[in-house]
Structures are given as C-alpha cells and as structure tokens.
Amino acid sequence: VERCLAQGLVGAEGFAVDASLIAADANKQRSVPGAEWEIKDDARRSVQEDLAVLDDAAFGAASPVTPKFISPSDPAAQWTGAHKGHAFFAYATNYLIDTDHGVIVDVEATRAIRQAEVGASRTMIDRTENRFGLKPDYLAADSAYGSADNLAWLVKEKDIAPHIPVFDKSNRTDGTFSRSDFTWEAENDRYICPAGKELKQFHRTYATPRSGITSDGRRLYRASKKDCDGCEIKQRCCPNAVARKVPRDLNEDARDVARAIAATPEYEQSRHRRKKVEMLFAHLKRILRMARLRLRGPCGARDEFLLAATAQNLRRLAKLRPQRSPHGIIAV
Ligand code: SF4
C-alpha cells in the first residue's frame, strides 16, 4: 500500500468496501450439529486459540446465533448458505479499496456473517486512518452496510458520506402507506401524513417528562384519534388501528443523509466505481484461484487473505506503473 501511495495510485477521495466468501478447509462429513458441539478441555491449543478469536466483536462475536454445523478441525469457520446454492464452511475476506485505481488499502478476515463484515469495515477504516492518515470523503458499499447504526457511525463519528443503499424494512407491501409517504419535519419534530395532519410523539404534557424512546431504540410518532376518525383515506393508512403510528429510529437522521446522497449524480458514479471491489473478488477466485483456503483457523485465513490482497496490489502496481530495468524486465 505504501508503494501504491508513493506512486500516486491512491486518491482517498472515495473508498469502497465489500466481503466475499472463501471456502474453509473443513468438510461437512466430519462436522457436528452446532447444538451438540462442546469444547473439550484437552482440545488442541490451536483450536482453543481459534475459538478465543470468536470473542472478538469485529470477527463476529456480535451474533448469538448457534451455527447449524461446526467443523471440529476448524470450529471458527462459519457454516453458511449465503450463496443460495449448497451450504459450506467459509470465511469472509473483506476488502477496503480506493475507488480511483482499485488499490486494496486494507483487508480483514472474518466469519461469514453480516455483523462481522460490518465490524470489519469499521476496523479497516480506523486502521487505514491510523496507519496511513487516509480517510475518504465517501464510502461506497451495498445495502448490507446500510443499517441505521452503521450509517450513523459513518456520518456522525467519521464524517464520511455514506454512498450506501439504506437498509430499510419499513416499506409496506399490503398497499397501505409506508413511512416514506410521511414527510419528516426536523424543525418541528413531527411527521406530516398524506392527509396533511401532524404525527407527534406527545399529544399532552406529562408532569414527569418522558424520554419517548422505546425499548428497541426508536421514537413513536402518533396521529390524533380525532384526525384519523374523520379521515377519508384511513383505509389506505391504518385500517385496523384507531390512529396511525410511525416509528423513527434514533439514527434516522443518518439514514436521511444516505437517502439524500442516493438521489445525486455522484451516487450513480460511485455505484459504478464500487464494482471494482467485486472485480477484485472475481479476479481473486478465477485468476488467482483462491476458491478454498489451505490454512485453518482465523489466523490462517487472515494470512492467506493478506497475501492474496498483496499480490493483487502488486499486479495493479506493475500494470499501472511498470518499471523497466535496463534489461527490459518489468519490476515492481
Ligand atoms: S388516517 Fe390519520 S394518519 Fe393516516 S392519512 Fe388519515 S389522518 Fe393521516
């Protein structure tokens, strides 16, 4: 990465992040159901070390889900059916790239679960900033990275523009109005419904002020029963409720930032540039033939992923900045 920086191949205007699954050296035939798995006291030291890494939040400890199968020879490998085809044991290689020339600025191995991949993106952004003093103006990624929590981290803590589709489950499919049909008025802390009525958190003043935050970290905005009772379009809004309620995530403002960016021409450009990271994964598998890991455990995966990414950067460097020796041999 330092060579690429010295050669001016990293502009740091925009980064893109993504993850790809690589099969682990573990077989289904020798696996055990996750619920029956227990670590024996006399387990090999390497196995115990591998399992210790699982407590690392960035590696995927965020998920409390018991995997369906565990491989005793590599218990940190994740049983995953994410490819919609057959399930297999895998690790995820995570790339953070500069979108100018597709230079990989950081790489991280994780379990093949979304929480771990999002955790890795944060680790890599922090590490790249600390190591090279590089922080991008924007980060491009797919909707797996578009949770309110992650968008808030990018917008509020890192001051990085999220060129990321918002992960939003609030869209309704039963024909009634979705949250996007309600207009948010930040200055008045209220929504305006399609009939022009307001939805507020509190319709009266409480002697003891309330936080208004629900146990799942959201605020509820309610229409008044009087407005909904007399509303002509109630059937399209809340046919089975007395009045409409609209929940708002505490980090909805960060989602709004991402939504506004998604409507700009710059977003369209960064969406195309994001494809460079997918091309690197395709190259990794088809040309470098990294379809299955040879080493076991998180450290083995980390080493192989780091070496492969280094090889890809060297190829890029040789292609974009070829240096000819006096004998005509191209050196990097
Ligand atoms: S039912 Fe209530 S919230 Fe829905 S559109 Fe009518 S007045 Fe607005």
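This report concerns the structure included in the present document. In this text the structure is predicted, and so the values were computed from the model without any measurement.

### So, the pairing of strand S6 (residues 103–111)
Right, on to step 1. Counted residue by residue, S6 has 9 buried out of 9 residues, so it is predominantly covered.
Right, on to step 2. With 8 bridges joining them, strand S5 (residues 88–98) and S6 adopt antiparallel strand pairing. By the bridge assignment for S6, asparagine 94 is matched with glutamate 108.
Right, on to step 3. Counted along the chain from S5 to the antiparallel partner S6, the turn is 4 residues long, and its residue glycine 102 has a positive phi close to 75°.

### Focus on the nonpolar core
Right, on to step 1. Of all hydrophobic cores here, the largest spans 32 residues; its most connected members are Leu96 and Leu139.
Right, on to step 2. Contributions of two or more residues to this core are made by strand S1 (14–23), S5, S6, helix H3 (114–132), helix H4 (148–158) and helix H6 (252–262).
Right, on to step 3. Per-element accounting of this core gives the leading share, 5 residues, to S1.
Right, on to step 4. Excluding residues that lie within four positions of it along the chain, leucine 139 makes contacts with Phe15, Ala16, Val17, Leu96, Ile125, Leu154, Ile160, Ala161, Pro162, His163 and Ile164.
Right, on to step 5. Within the second largest apolar cluster, 27 residues are counted, among which are Val107, Ala140, Phe281 and Leu293.

### Topic: the site of the ligand
Right, on to step 1. The ligand sits among Cys193, Ala195, Lys197, Ala223, Asp227, Cys228, Cys231, Ile233, Lys234, Cys237, Cys238 and Arg244.
Right, on to step 2. Of the residues that constitute the shell around the ligand, the class distribution is 8 nonpolar, no polar and 4 charged.

### Things to note about helix H8 (residues 297–320)
Right, on to step 1. In this model, H8 (24 residues) spans 35 Å end to end at C-alpha, consistent with the 34 Å of a helix rising 1.5 Å per residue.
Right, on to step 2. Buried within H8 we find Gly297, Pro298, Gly300, Ala301, Glu304, Phe305, Ala308, Ala309, Gln312, Asn313 and Leu317.

### Here's the deal with the pattern of salt bridges
Opposite charge on two side chains permits them to pair, given that their charged atoms come into close proximity.
Right, on to step 1. Scanning the entire structure with this criterion turns up 21 salt bridges.
Right, on to step 2. Between aspartate 25 and arginine 292 there is a salt bridge whose closest N-O contact spans 3.2 Å. You can see aspartate 25 sitting in the loop between S1 and strand S2 (32–33) and its partner arginine 292 sitting in the loop between helix H7 (265–286) and H8, a full 267 residues away along the chain.
Right, on to step 3. The class for arginine 292 is partly exposed, based on a relative accessible area of 39%.
Right, on to step 4. Close ionic contact of glutamate 129 with lysine 158 constitutes a salt bridge, the shortest N to O distance being 3.0 Å. On the criterion of sequence distance, the pair formed by glutamate 129 in helix H3 and lysine 158 in helix H4 is long-range, its members being 29 residues apart.
Right, on to step 5. The class of lysine 158 is buried, set by a relative accessible area of 12%.

### Regarding the side chain of asparagine 150
Right, on to step 1. In this structure, asparagine 150 sits in helix H4.
Right, on to step 2. Overall, the relative accessible area of 2% leaves asparagine 150 in the buried class.
Right, on to step 3. Of note is the side chain of asparagine 150, whose polar atom sits 2.9 Å from the backbone oxygen of tyrosine 145.
Right, on to step 4. Leave out the neighbours within four places in its chain, and asparagine 150 touches Val118, Arg122 and Tyr145.

### A closer look at the packing of H7 against H8
Two measures define how a pair of helices packs: the angle their axes make with one another and the distance between the axes.
Right, on to step 1. With their axes 11 Å apart at the nearest point, H7 and H8 run at an angle of 110° to one another. By the angle class used here, H7 and H8 are roughly perpendicular. Packed against H7, whose contacting residues are Leu280, His283 and Leu284, the element H8 presents Ala308, Gln312, Arg315 and Arg316 at the interface.
Right, on to step 2. A class-by-class count of the residues in the contact of H7 with H8 yields 3 nonpolar, 2 polar and 2 charged.

The rules behind these values
- Each residue is numbered by its place in its chain's sequence as written, counting from 1.
- Only residues with pLDDT of 70 or above have their local features reported here, since the model is predicted, and side-chain atom pairs are shown and tallied only from 80 upward, although totals for entire chains, interfaces and linings are computed over all residues.
- Just so you know, side-chain values use all the structure's heavy atoms and leave hydrogens and water out.
- Each residue is placed in one exposure class: buried if its accessible area under a 1.4 Å probe, protein chains only, is under 20% of its type's maximum, exposed if it is over 50%, and partly exposed if it falls in between.
- Put simply, DSSP H or I for four residues or longer makes a helix, DSSP E for two residues or longer makes a strand, and each gets a number counted from the N terminus.
- Pairing between strands is defined by DSSP: at least two bridges between the two strands are required.
- Residues belong to a common nonpolar core when they are buried Ala, Val, Leu, Ile, Met, Phe, Trp, Tyr or Cys residues joined through side-chain atoms within 4.5 Å.
- In what follows, residue pairs with any heavy atoms lying within 4.5 Å of each other are defined as contacts.
- We call a residue near a molecule or strand when any one of its heavy atoms sits within 4 Å of it.
- Ten residue types, Ala, Val, Leu, Ile, Met, Phe, Trp, Tyr, Cys and Pro, are classed as nonpolar, four, Asp, Glu, Lys and Arg, as charged, and the remainder, Gly among them, as polar.
- Helix span, as expected, comes to 1.5 Å for every residue beyond the first.
- Salt bridge criterion: a side-chain nitrogen from Lys or Arg within 4 Å of a carboxyl oxygen from Asp or Glu.
- Contacts described as polar in this section are N or O atom pairs within 3.5 Å, which, within protein, must combine one atom able to donate a hydrogen with one able to accept it, while residues neighboring in sequence count only if both atoms come from side chains.
- An axis is simply a line fitted to the C-alpha atoms; with a helix, the fit covers only the stretch in contact. Between two such axes, the angle follows the N-to-C directions and lies from 0 to 180 degrees.
- Throughout, the term roughly parallel applies to angles under 35 degrees, roughly antiparallel to angles over 145, roughly perpendicular to angles from 65 to 115, and oblique to all others.

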